[in-house]
Structure formats: C-alpha cells, structure tokens
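In case you want the letters, here they are:
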Amino acid sequence: GNSVTQMEGPVTLSEEAFLTINCTYTATGYPSLFWYVQYPGEGLQLLLKATKADDKGSNKGFEATYRKETTSFHLEKGSVQVSDSAVYFCALLNTGGFKTIFGAGTRLFVKA
Amino acid sequence: DGGITQSPKYLFRKEGQNVTLSCEQNLNHDAMYWYRQDPGQGLRLIYYSQIVNDFQKGDIAEGYSVSREKKESFPLTVTSAQKNPTAFYLCASSIKGPTDTQYFGPGTRLTVL
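Residues numbered from 1 in each chain as written. Chains lettered and ligands numbered in written order. Predicted model: local features only at pLDDT ≥ 70, side-chain atom pairs only at ≥ 80, totals over all residues. Heavy atoms only, no water.

> So what's going on with the overall build of chain A? Residues and values would help.
Broken down by element type, chain A carries zero helices and twelve strands. Reading chain A from its N terminus to its C terminus gives the helix and strand order β-β-β-β-β-β-β-β-β-β-β-β. For 112 residues, the compact-globule estimate of 2.2 N^0.38 gives 13 Å, and the C-alpha radius of gyration of chain A, at 13 Å, lies within 12% of that figure. For the C-alpha atoms alone, the extent of chain A along its principal axes is close to 45 × 30 × 20 Å. Within chain A, counting contacts between residues at least 6 apart in sequence, those at least 24 apart form 56% of the total. (Helix = DSSP H or I, 4+ residues; strand = E, 2+ residues; numbered from the N terminus. Rg over C-alpha atoms; globule rule 2.2 N^0.38 Å. Contact = heavy atoms within 4.5 Å.)

> So what's going on with the sheet that holds strand β3 (residues 19-21) of chain A? Which residues, and what values?
All names here are of chain A. Ordered by their spatial adjacency, four strands build an open sheet running β3-β9-β8-β7, and the pairing between neighbours is antiparallel. Lying at the two open borders of the sheet, with one neighbouring strand each, are β3 and β7 (56-59). Each strand of the sheet is rotated relative to its neighbour by a mean of 15°, with strand direction disregarded. The pairing of strand β8 (residues 62-65) with strand β9 (residues 75-77) spans three bridges and is antiparallel. (Pairing = 2+ DSSP bridges. Axes fitted to C-alpha atoms, helices over the stretch in contact; angles between N-to-C directions.)

> Kindly report on the packing of aromatic side chains, identifying the contributing residues and their values.
Per the counting criterion, the structure on display carries twelve aromatic pairs over all chains. With a centroid separation of 5.2 Å and an interplanar angle of 15°, the aromatic rings of Phe98 of chain A and Tyr48 of chain B are classed as stacked. Of this pair, Phe98 of chain A sits in the loop between β10 (86-93) and β11 (100-102) while Tyr48 of chain B sits in strand β5 (residues 43-51), placing the two residues on different chains. Each of the two residues, Phe98 of chain A as well as Tyr48 of chain B, counts as buried. (Phe/Tyr/Trp six-rings, centres within 6.5 Å; stacked < 30°, edge-to-face > 60°. Buried < 20%, exposed > 50% of the residue type's maximum accessible area, 1.4 Å probe, protein only.)

> Account for the environment of Lys70 of chain B, naming residues and giving values.
All names here are of chain B. Relative to the elements of secondary structure, Lys70 occurs in the loop between β7 (64-66) and β8 (76-78). Lys70 sits in the partly exposed class, given a relative accessible area of 47%. Distance in space between the C-alpha atoms of Lys70 and Ala87 is 26 Å, their sequence separation being 17 residues.

> Please provide a residue-by-residue account of the interface of chain A and chain B, values included.
Taken residue by residue, the interface counts 18 residues in chain A and 21 residues in chain B. The junction of chain A with chain B conceals about 1,500 Å² of combined surface from both sides, 57% of it contributed by carbon and sulfur atoms. For the chain A face of the interface with chain B, the top three residues by lost area are Leu44, Phe98 and Phe102 of chain A, together amounting to 35%. Where chain A meets chain B, there are one salt bridge. The partner of Lys99 of chain A in a salt bridge is Asp59 of chain B, with the nearest N and O atoms 2.8 Å apart. At the junction of chain A and chain B, the tally comes to four residue pairs in polar contact (both at pLDDT 80 or more). Elements with a contribution of two residues or more to the side of chain A that touches chain B: β5 (32-38), β6 (44-50), β10 and β11 of chain A. Residues that form the side of chain A that touches chain B fall into these classes: nine nonpolar, six polar and three charged. (Buried area = accessible area lost by both parts, 1.4 Å probe. Salt bridge = Lys/Arg side-chain N within 4 Å of Asp/Glu carboxyl O. Polar contact = N/O pair within 3.5 Å; in protein donor to acceptor, adjacent residues only side chain to side chain. Nonpolar A, V, L, I, M, F, W, Y, C, P; charged D, E, K, R; others polar.)

> Outline the nonpolar core, supporting the account with residue identities and numerical values.
By size, the foremost hydrophobic cluster in this structure holds 27 residues, and its most contacted members are Leu19, Trp35, Leu47, Leu48, Phe73, Leu75 and Tyr88 of chain A. Looking at this core, the elements with two or more residues in it are β2 (11-14), β3, β4 (23-26), β5, β6, β8, β10 and β12 (106-111) of chain A. Top element by residues in this core is β10 of chain A. It accounts for four residues. Among the nonpolar cores identified, the runner-up in size contains 20 residues, and Ile4, Trp34, Ala87 and Tyr89 of chain B belong to it. (Core = buried A, V, L, I, M, F, W, Y, C linked by side-chain atoms within 4.5 Å.)

> Mind laying out the side chain of Asp84 of chain A, listing which residues take part and the relevant values?
All names here are of chain A. In this structure, Asp84 sits in the loop between β9 and β10. Here the side chain of Asp84 touches Lys77 through a polar contact of 2.8 Å, side chain to side chain. Beyond its immediate chain neighbours, meaning those up to four positions away, Asp84 contacts Phe62, Lys77, Leu108 and Val110.

Listed below in structure tokens is the structure:
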C-alpha cells in the first residue's frame, strides 16, 4: 500500500543552520507529494508541493525535489530561523485517489 | 476573513457519551475532510465529503459518523463505539477535491475521561 516515511525528530538546530528533513515514499503510480507545516496550537498549512518527477516545490525559502528514482522528497532550507520551529509533515496523494497519506511528522526546534 | 473554524478548542466527555465536533468553512469549498492526529503519528483520514449529502469513509471511520447537509458545515460525531476517542481532530476543506490545496482548521482536542 501507499506509505510515507520521514526522519524521526526532534531536530534541533541553531539559527542560520542548514536544514534537511528526509522523506521517502511507497506508492503505485505517480503520486503528488506535499510538505505541510504545523505551528504550535494550529492546524496544518501547505508549505509546498510537486506533482511529477523532477519537479521542485519551493516556498518561504524551503525547497523539495520530487525524485522518482529514489522515491524521495527531502525538505531543505539554507538558513533556518527561530520562527521555523514547528512540526513538518511529508504527504502523498496517489493519482485518482482521495486519501492523502501523511508521514508521522518531524518536530524542528531552532535556537537563537 | 475566510477560513475554517472548529469549536470548541478543548472538549471533555465521559466515557460512553456521544460527542459532536463542529467544523464550518466560509471559503465556498466543495470538499471537506476530517482527520485524527495522535502523538507520533501522521494524520489519518476519518471521512471525506466531496459535495453536499455525499461522503466516503476514510481509513479509520469505525466509531465515527458525519453529515453534510450544508456546503459550509461538516460535523463529526464521535460515538461510544469508538474505542479510543481521545485525540486531536482536524477538519480541512479544499475547492473541489483532494488534488486541490487543503486548508485546515485549528483543531479540537477531545479528551474522554
């Protein structure tokens, strides 16, 4: 079946450090891939998405590239800020499906 | 301001009682969703509705029920048949369906005592 695996947290970084959160997936067909962010006490917000192989999603300095050969969609940011502290979820939606499959989430702490 | 509202933010109930969680959106979206979030786990879909008076079960629908009588509203009832109802519940909506961006409400944390 479809599944998403992302690195366990928490991830703790100092401000301006480089961020990578790994995400790999298992799916039949050609899914769309997403990163969502959840700030404390709030619902999720879509951060970025990619709908086909080699697409790069980007938003607010975050990037992720859809790699079909490695079934991965790793999230990166060159210089994190304290305000980036949140939980990040990788997710997929298979073609023709209605169920978005979410990873377990990775909590990020950024220290000043 | 357009958005999704969920109320209340915190809800406490005794075991064996049914409880209804509210979800309202004024975004004019057709599709609405209910998810459950447990610590250390991703969101899991409970129910999905693409249009009024139509809904489909997600992966963990047992012990839950929904209605969609109005476009703006998608209430979720947690029944006494749900074996482990304590969780964080998130409602979402999207313009037409799951391929569109989903917008989430702030969530309701339900604790069953």
